[in-house]
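# Chains, contacts and geometry: an overview
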Amino acid sequence: VTITTRLLVSHLSGIRHYEKDIAKVKEEKEKANRALRLTKPHQDKEQKEKEGKGVEKTDSVKPRKEHDSETKSRNSKPGRRDKEFEQEEYYLKEKFESVIESLKIFKNDALFFKPGDQFLYSTYGFTLLSAVVERASGQKFTDYMLKMFRDLDMLATVLDDNEAMIYNRARCYVYNKKGRLVNAPYVDNSYKWAGGGFLSSVGDLLKFGNALLYSYQASQFKNSISKLLPGYLKPDTVAMMWTPVPKTEVSWDRDGKYAMAWAVVEKNQQCGCCRQQRHYASHTGGAVGASSVLLILPEELECEAAGAQPGAPPRGVIVTILCNMQSVSLSSTALKIAREFDREKQAQ
């Protein structure tokens, strides 16, 4: 078979995740699909009822509905993630000197399906991707990434190296079987630098989001701002990264599809005066003792009216949340925050 870098970055390679038993993976996916089929009709009916009334809910009603949806989110998503954290490979303590060396964990395992046929989120797919970067660049993957972070002015983003003294490194926490808060167990993430081996800060992730958003929008302002610097990436590259890929899915956003290392929701509105779906890109993160999310909501710009837009890119809302607690669902919170800031901006 042939596995391309595009298949790797969209999780269509067939390379396994932490679970080695394909039967268990299929069973979990079927359970998730059944749950989605059961909840979707109810949610769609509820949405139609809201749209049919044509009025906004009062403040006294809205918090209850939001609380209900948050409760469902907490009861479902973290549950599946807790199950995932039972996998032994999450807790590896072996130190790997290179990404090539860490391939030995899975390189002899059978593929779960023919590459390109199905979606399966795979951290090891990104480990293989980091080995490709290492060979293509001619330098260690970690050195290559740290130089990139420096170029992006992300000076607080470093390797999650247990031996190094890292200023302001946070402690991480988990709940034990009795429901008590305890320190997260010791792990070594050198086997998955690309998939979960870096430490960062809210400020650095905002810089990262702004750099991507600037690159995405730069071409829309090129006629109006003559001295506009180029983005870190080409606009077409970011647009490609944020375009949904067929046969993919997203567990944390029912409106989304997976693209290239991002979950993406496309702009959509079925009927007038009904629910509007804005275009945004996001990704969550889960590790032993930590949870995170980064969400980018670009401002909607009309190409022909771009010259009339004040200021310069990036234009939009970027939300990032870092939490030193395992299995915390943050995606819906990030989206609510982004929408509030966007609504406030439009009202001005």
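Further up the page is the structure itself.
So, here's what we can say about the structure. Predicted, not measured: the structure shown is a model, and the values here were computed from it.

Time to look at the overall build of the protein. When helices and strands are counted, the protein shows 10 helices and nine strands. Here the protein holds 348 residues, and the buried ones make up 36% of them. A sequence separation of at least 24 residues applies to 66% of the contacts in the protein between residues at least 6 apart.

We now examine the pairing of strand β8 (residues 290-298). Most of β8 sits inside the fold, with seven of its nine residues counted as buried. Pairing between strand β7 (residues 280-287) and β8: seven bridges, direction antiparallel. The residue of β8 that forms the bridge with Ala-281 is Ile-296. Pairing analysis gives eight bridges linking β8 to strand β9 (residues 316-323), with the strands arranged antiparallel. Bridged to Leu-297 within β9 is Val-317.

Our next topic: the pattern of salt bridges. For the coordinates displayed, the defined rule picks out 15 salt bridges. Close ionic contact of Lys-147 with Asp-151 constitutes a salt bridge, the shortest N to O distance being 3.1 Å. One end of the pair, Lys-147, and the other, Asp-151, are both in helix α6 (residues 141-151), four residues apart, so they sit about a helical turn from each other. For Lys-147, a relative accessible area of 48% gives the class partly exposed. In this structure, the salt-bridge partner of Arg-343 is Glu-340, at a minimum N-O distance of 2.6 Å. You can see Arg-343 and its partner Glu-340 sitting in helix α10 (residues 331-347), three residues apart, about one turn around the helix. Judged by relative accessible area, Glu-340 falls into the partly exposed class, the value being 48%. If you follow the salt bridges from partner to partner, you end up with Arg-16, Lys-20, Glu-89 and Asp-109 in one network.

The next point concerns the sheet that holds strand β6 (residues 263-265). Overall, antiparallel pairing links the five strands, which are arranged β5-β6-β7-β8-β9 in an open sheet. With partners counted over all chains shown, the strands left at the sheet margins are β5 (257-258) and β9, one partner each. Its contacts with the sheet put helix α8 (residues 202-221) on β8 and β9, and the angle it makes with β9 is roughly 150°.

In this section: the packing of aromatic side chains. Two aromatic rings are characterised by how far apart their centres lie and by the angle between their planes. One pass over the full model with this rule turns up 11 aromatic pairs. Seen from their ring centres, Phe-119 and Tyr-258 are 5.5 Å apart, and the 50° between their planes marks the pair as tilted. With Phe-119 in the loop between α4 (99-102) and α5 (123-137) and Tyr-258 in strand β5, the pair connects residues that are 139 residues apart, well separated along the chain. Pair check on accessibility: Phe-119 and Tyr-258 agree, each one buried. Between Phe-149 and Phe-198 the ring centres are 5.2 Å apart and the planes differ by 85°, which places this aromatic pair in the edge-to-face class. Pair noted here: Phe-149 is in helix α6 and Phe-198 is in strand β4 (residues 198-199), with a separation of 49 residues, a long-range link. Connected via pairs of aromatic rings, a cluster forms that spans Tyr-18, Phe-85, Tyr-90, Tyr-91, Phe-106, Tyr-124 and Tyr-191.

This part is about the side chain of Ser-291. On the secondary structure map, Ser-291 appears in strand β8. A polar side-chain atom of Ser-291 sits 2.7 Å from the main-chain carbonyl oxygen of Met-325.

Quick notes on the rules
- Residues numbered from 1 in each chain as written.
- Predicted model: local features only at pLDDT ≥ 70, side-chain atom pairs only at ≥ 80, totals over all residues.
- Heavy atoms only, no water.
- Helix = DSSP H or I, 4+ residues; strand = E, 2+ residues; numbered from the N terminus.
- Buried < 20%, exposed > 50% of the residue type's maximum accessible area, 1.4 Å probe, protein only.
- Contact = heavy atoms within 4.5 Å.
- Pairing = 2+ DSSP bridges.
- Salt bridge = Lys/Arg side-chain N within 4 Å of Asp/Glu carboxyl O.
- Axes fitted to C-alpha atoms, helices over the stretch in contact; angles between N-to-C directions.
- Phe/Tyr/Trp six-rings, centres within 6.5 Å; stacked < 30°, edge-to-face > 60°.
- Polar contact = N/O pair within 3.5 Å; in protein donor to acceptor, adjacent residues only side chain to side chain.

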